[in-house]
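# Structure at a glance
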Number of protein chains: 2
Amino acid sequence: MTGNARAKRAKVARWSILASLLLAGQLAEAKGETPERRWTLEDIVTAPKVTSLALSSDGSELAYIQRAGDIEKNQTMHIVYRLDLSTGERTEMVRSGVAMQLEAIEGERAWNVLLDMGEGQQLYRVDAGSKAELVLASEASVTVGETEGGLFAISFIAPHRVGVLAYDWSPDRKWLWYAALKPGSAKPEVHFDNEVVLQKQRRRAPVSAVVELRLRSASGEDMLVATRPASDRLAFHYAGTVSWANDGLRYYVETTSGTQSDKSEAFELKFGSTTSIRAGEQQGLPSVDFVKGPRGGLLTTDGYGSALELVEARADGTRHSYGRYPFYLGHPRAAGSWRSADGRRTILGMRTTTHPRYGLALVSSRGARAIVTQGSLTQCDFRENLDWGICVEESMTQPPRLVKVEPANGKVSHIIPLSARHEAITPLRVTSHQWKNRSGHTATGFIVWPREYDPARRYPSILVTHGGDADERFADQDLQWEYPIQLWAERGYVVILANEPSPRQSPELMAAFAQWVSGTGPLSPVEVQRRAWLNVVETFEDVVSQLVLKGIVDSTRVGIAGYSRGSQITNVAITQSEHFKVASSGDGHFLEPAIYPISIRSYGAIFGGPPAGKYLEHYLRISPSLRADRVCAPVIQQVAGPHAGAIDFHVALRAAGVPAHISMYPGETTASEETHLFHIPSNRLLAMRENLAWFDFWLLGKRDPDAPFSEHFDRWAAMADGFSKNCLVKADRNQDEAPSVR
Amino acid sequence: MTGNARAKRAKVARWSILASLLLAGQLAEAKGETPERRWTLEDIVTAPKVTSLALSSDGSELAYIQRAGDIEKNQTMHIVYRLDLSTGERTEMVRSGVAMQLEAIEGERAWNVLLDMGEGQQLYRVDAGSKAELVLASEASVTVGETEGGLFAISFIAPHRVGVLAYDWSPDRKWLWYAALKPGSAKPEVHFDNEVVLQKQRRRAPVSAVVELRLRSASGEDMLVATRPASDRLAFHYAGTVSWANDGLRYYVETTSGTQSDKSEAFELKFGSTTSIRAGEQQGLPSVDFVKGPRGGLLTTDGYGSALELVEARADGTRHSYGRYPFYLGHPRAAGSWRSADGRRTILGMRTTTHPRYGLALVSSRGARAIVTQGSLTQCDFRENLDWGICVEESMTQPPRLVKVEPANGKVSHIIPLSARHEAITPLRVTSHQWKNRSGHTATGFIVWPREYDPARRYPSILVTHGGDADERFADQDLQWEYPIQLWAERGYVVILANEPSPRQSPELMAAFAQWVSGTGPLSPVEVQRRAWLNVVETFEDVVSQLVLKGIVDSTRVGIAGYSRGSQITNVAITQSEHFKVASSGDGHFLEPAIYPISIRSYGAIFGGPPAGKYLEHYLRISPSLRADRVCAPVIQQVAGPHAGAIDFHVALRAAGVPAHISMYPGETTASEETHLFHIPSNRLLAMRENLAWFDFWLLGKRDPDAPFSEHFDRWAAMADGFSKNCLVKADRNQDEAPSVR
């Protein structure tokens, strides 16, 4: 902080001036040195993501957790920062491979947070002055993550030992409820039937662990309340979602014995007692996120497309409409919710539909109002009276910054940028779009334009897709995975970030997605495939065609890339469409016959049954490996493990003479795996360089001198030789005889 | 040894009398206590197998390695015994999880052997008096076996650390050549293409290791001669197959860099030099087993069926025939070969064709003669002059015993039985058979008869198959795996041990098997499938029909069981035939589409290409999981790991409403696997009890009170309920519309 800023403090309203000066100063400082700073791969890997923030109890300080790749350590690190809101002074309190569940401590300028400081994941106290102080430790003998002997749990961090899974203080802080992870039986056992089937896609054997739900009193007495299997999701992830009363508490467990039952059971425990008392069973798991509105009902958004409506539904069945809004509640990445003590106002995180970003909705008896900026408000915390709060604001072009939000007047004012490094990059031009496909469905998305775009030229283009994750966030891995979209733009590609047509726009689409999830419904497999996959591919064909028609994109040089859901779409696109000349498919193998045993429910909707007999025709329509002989695009697959379906597709492509390459990125050791979203910076850097080289090779005919595995070029070239001839023949043949699925 | 026996020693020819008395005495002793001793599962698990034997240099003592399950320790153990041939006194020299490469030390009554005495696999010296003495140790930091961090190698013992892989003394014992296993790079690396594909069926990541070929002088100087990748099979398994000259040595390595090239390269090293000199490259790996005959040519057997001929082929292309014999050389389980110093006589291990057992062939310029007994001679060692040797003799009904073999007169005389426990069992009746199938092919095999067989009754029957492994060996795991054939006979089943029609009987069959191995040849996939799989199933149908016709077998109560190759046949049998009412399929998944990526060569012969497009019809003809809806037999699968194809078949069966059960047996820890041939006694016992319960349930309608997992009966019964109706419908439908493959 500069003396200049400090001098002005007394004169003006504290927030906005201070903040904007801080921002201006830091931006000027950052940008002053290099007039045009271009994107690097290291910028992408080190792009910060705020995963949590919390105001101190008196509102004078803010703590937040920032996650980013640490290239030097080659780890994804979490840093817990503290910001003095009166001085703008920011200090690092602690850094750790794990940091979660950040909560302000009542009456102090301090926070609780779960950290791994070398003794496994435990509960700490952090504040401005001292180093992190251990509050509660439970012996951490279970490792969570994809490593030998580890408890498998979907995670995007390195395998780590866990003592305390989650915690919850009683309002008076006299009682500390927590979940501890403990080893189960280590005796190897014979496995049967579904226990075996579920290991088809697991590289390592499952290990046994249990969750202990425990209560600690102010005097330090520690009591085991219940022991649950690690498969109890309520116990494992939410420590049983405890709710406190004056004389005791209530907690919930999933009524399961190893399988997921979708039923839960409540228990009550009186303080001082050692015995839990059953308090009823219910369908479903108790939601922690239903938000009450000013009328005492639950706030929700209903309807489709432009008829999307904000509604308060009361227990008596009546509903109050706040009107139609182009946003919806309940997105897992939207900000949380806050309700004023008098219950008259509620703030909720939401996501907008037409230009996808995250904002807030203020709901009171007077009505509802959206608080949106050009970017997204992705993490927030508000004062109890909702007078003001702090959020992270970010966008495709704006690195995360802290802003102050005043709900009453909707004012959003800058406080401080979080990354000078990223502020220093000269932003690329990114435009937001809506595209209508041939069936009348609308897809949203963005175009990242080449740094020096010339409207007179046609550009090579790469379409990147991952479900609906193209939205206003900064270099977020959720969308771009290991696809270096910014560097492609720097290199002269028109990069299309395309969302699928949202099922929220039409009950017809929603029905297919719902049936995919539940496995049952009125649609035929052909209809489910058409609406949830082929319609997406058609949409992207139409997006490309529109950009070709406008003279922007060169139709002969269009690639497609996507991981996970995006990998499904990529694989279906190249086996159904001739629009895409090259593809990069990331860590996916859904729709492959190999996955049937672990996807029986959803495959029931998509294919009707197993890949044999009368159901086989449904696989032949859409399973990528069964259509490899129709592919006219070289395919790279980058995977975090030897997934059977991904390997089947690779081998099928090679058998069909299609240039195909698969790269498997390793974990920290040979005994562990990289995660679905890569968490090892060196893997991210290599995989992005590999993608740069792959698309340059196939779309531009260039051998990238920065390729990480330059020895592969000769093999690619050899595959290219045989391929082009084959593919012309194939294209002809397909036009003649292809029994079109669509 | 009794005083009685010792007194007679001077009077008679030492060998035969001593031996037969010893035998008679021990047998009487063993049998005296229980007049009829029936088979137990523990008898099967503890059945001894001699894996190696070696006479001392003066012929006065014999050492042998005996492998057997140790139920108390729950390990497969190797015990190295020493037998004083003059007194008949037998002593245990050492026991170890690993014992291999037993070799007599010239000029001493002592042996070298590789053992793991706690420091990993190292070279030891053993003799009568003292405990095993370490001769050579190399730091054992690499674990071999299916465990995390282990180097994967097909093995039937527990994962263990290896220092010395193999050794070879120079004839003057001044030089010790050996192969040491060392860790390679532990740095996790990105894997590409085939490196990834090969991991489709591997549960854990490959680790890197190298083989050091080293030479140690008499004075203890130790020199690294060459470092080879662990994938070099010549280096890994044979320490480079060294051959000694007066001034140096020659060794061979596989010219490979990670892939198997089927080419080798020779190097020469002079004593005292540190540099190997290239000495030529050749196609193929140098065989260690070509045996010279009295005419200086190589001995081999040629031809098919009754025209099988013993031949000596000279380098000049001429060949000498010793005539037609019903045996062949070169079977991997036949005894080795010995050539007299003057080169005039050679003894070779062989296997007979009509009543399958192992014997010896003595070949001299006067002609050839077979040495066979009613059982098999499976391990031997001979004196240098071939005057006499010691072999193990065993049969279906006879536990292993040591015998003396005098080649000159073909005399085989008993020395000592190796297992009093197994001698004590009242033998079951086992008969040897040849069956002709509808196509004129002959299959050999055995029937194990119920203990109290009543010719007036028809019996339930179980056919057990594993390639050609039904031969005269005692309770050998190679054939019976975890199928308790002796206990089935005790329980009143007629147990059929059926070999496939041997391809040695006809060029037509041989062509199909050769094409399966090489991947190329003149036959269509349909023909390969017909000759190598469907013909086997037809054969077994015909065997059963013949036994039904004779009134022996109840056609409504016939089961089939087999592991590995037997699992292929079992799975094909139940998806193509209605003869088998219940099945047990062990640790196999060949022919499944899931295996294509790791079986591209052989699947080329069997299916033409990958499971898609025009090749799919070939999979539909024979892949078990694609024909699950035709199965009318409940199927249990017992596996040593979560093999994708086995799981696919299980899931397909369940989807088709067929009662199906899969059990996966664990390794020593959750970080390791059971091996293809189970090596953990508790797993063997459980799996056999599971098979007893499975067949009793489905063939006899009984719930075995000794079932290891009795809680499964209710589930089996529930599956049975829905099934019987379905299956009648299916049987009708199949008769109407089945497009018969055969």
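The structure we're discussing is the one just above.
Model, not experiment: these values are computed from the prediction.

So, about the interface of chain B and chain A. Interfaces are often sized by the accessible area lost when the parts come together. Each side of the interface is counted separately: chain B has 57 residues, and chain A has 56 residues. Buried surface at the junction of chain B and chain A, summed over both partners, amounts to about 4,300 Å²; 65% is from carbon and sulfur atoms. Connecting chain B to chain A are six salt bridges. In this structure, Glu148(A) and Arg204(B) form a salt bridge, with 2.3 Å as the shortest nitrogen-oxygen distance. On the surface where chain B and chain A come into contact, there are twelve residue pairs in polar contact (both at pLDDT 80 or more). Those elements that provide at least two residues to the side of chain B that touches chain A are β13 (191-192), α4 (193-197), α13 (616-622), α14 (644-655), β39 (660-664) and α15 (681-700) of chain B. For the side of chain B that touches chain A, the element with the highest residue contribution is α14(B), accounting for seven residues. Residues that form the side of chain B that touches chain A fall into these classes: 32 nonpolar, twelve polar and 13 charged. Both strand β13 (residues 191-192) of chain A and β39(B) contribute to a ladder of two bridges, which runs antiparallel. Across the sheet, the residue bridging to His191(A) is Met664(B), located in β39(B).

Turning next to the relation of the copies chain B and chain A. The two copies are related by a screw motion: chain B maps onto chain A through a turn of 180° and a shift of 0.0 Å along the axis, at an RMSD of 0.1 Å. Here the copies are linked by what is in effect a two-fold axis. In terms of C-alpha distance to the rotation axis, chain B has Arg203(B) as its closest residue, with the C-alpha 2.5 Å off the axis. The residues that chain B uses at the interface reappear at the interface of chain A in 98% of cases, marking a shared surface.

What follows concerns the pairing of strand β21 (residues 309-313) of chain B. Residue and element names in this part refer to chain B. Relative to β21, strand β20 (residues 298-302) runs antiparallel, the two sharing five bridges. Across the sheet, residue Leu299 finds its bridge partner in β21, namely Glu312. From the end of β20 to the start of β21, which pair antiparallel, there are six residues, and Gly303 there has a positive phi angle of about 95°. Between the antiparallel neighbours β21 and strand β22 (residues 319-324) lie five residues, among them Gly317 with a positive phi of about 95°.

Now for unusual backbone geometry. Residues and elements named next belong to chain A. With a phi close to 55°, Gln101 is a non-glycine residue in the positive phi region. Position of Gln101 relative to the elements: it lies in strand β5 (residues 99-104). Owing to a relative accessible area of 24%, Gln101 belongs among the partly exposed residues under this scheme.

Rules behind the numbers
- Residues numbered from 1 in each chain as written.
- Chains lettered and ligands numbered in written order.
- Predicted model: local features only at pLDDT ≥ 70, side-chain atom pairs only at ≥ 80, totals over all residues.
- Heavy atoms only, no water.
- Contact = heavy atoms within 4.5 Å.
- Buried area = accessible area lost by both parts, 1.4 Å probe.
- Salt bridge = Lys/Arg side-chain N within 4 Å of Asp/Glu carboxyl O.
- Polar contact = N/O pair within 3.5 Å; in protein donor to acceptor, adjacent residues only side chain to side chain.
- Helix = DSSP H or I, 4+ residues; strand = E, 2+ residues; numbered from the N terminus.
- Nonpolar A, V, L, I, M, F, W, Y, C, P; charged D, E, K, R; others polar.
- Pairing = 2+ DSSP bridges.
- Least-squares fit on C-alpha atoms with pLDDT ≥ 70 in both.
- Buried < 20%, exposed > 50% of the residue type's maximum accessible area, 1.4 Å probe, protein only.

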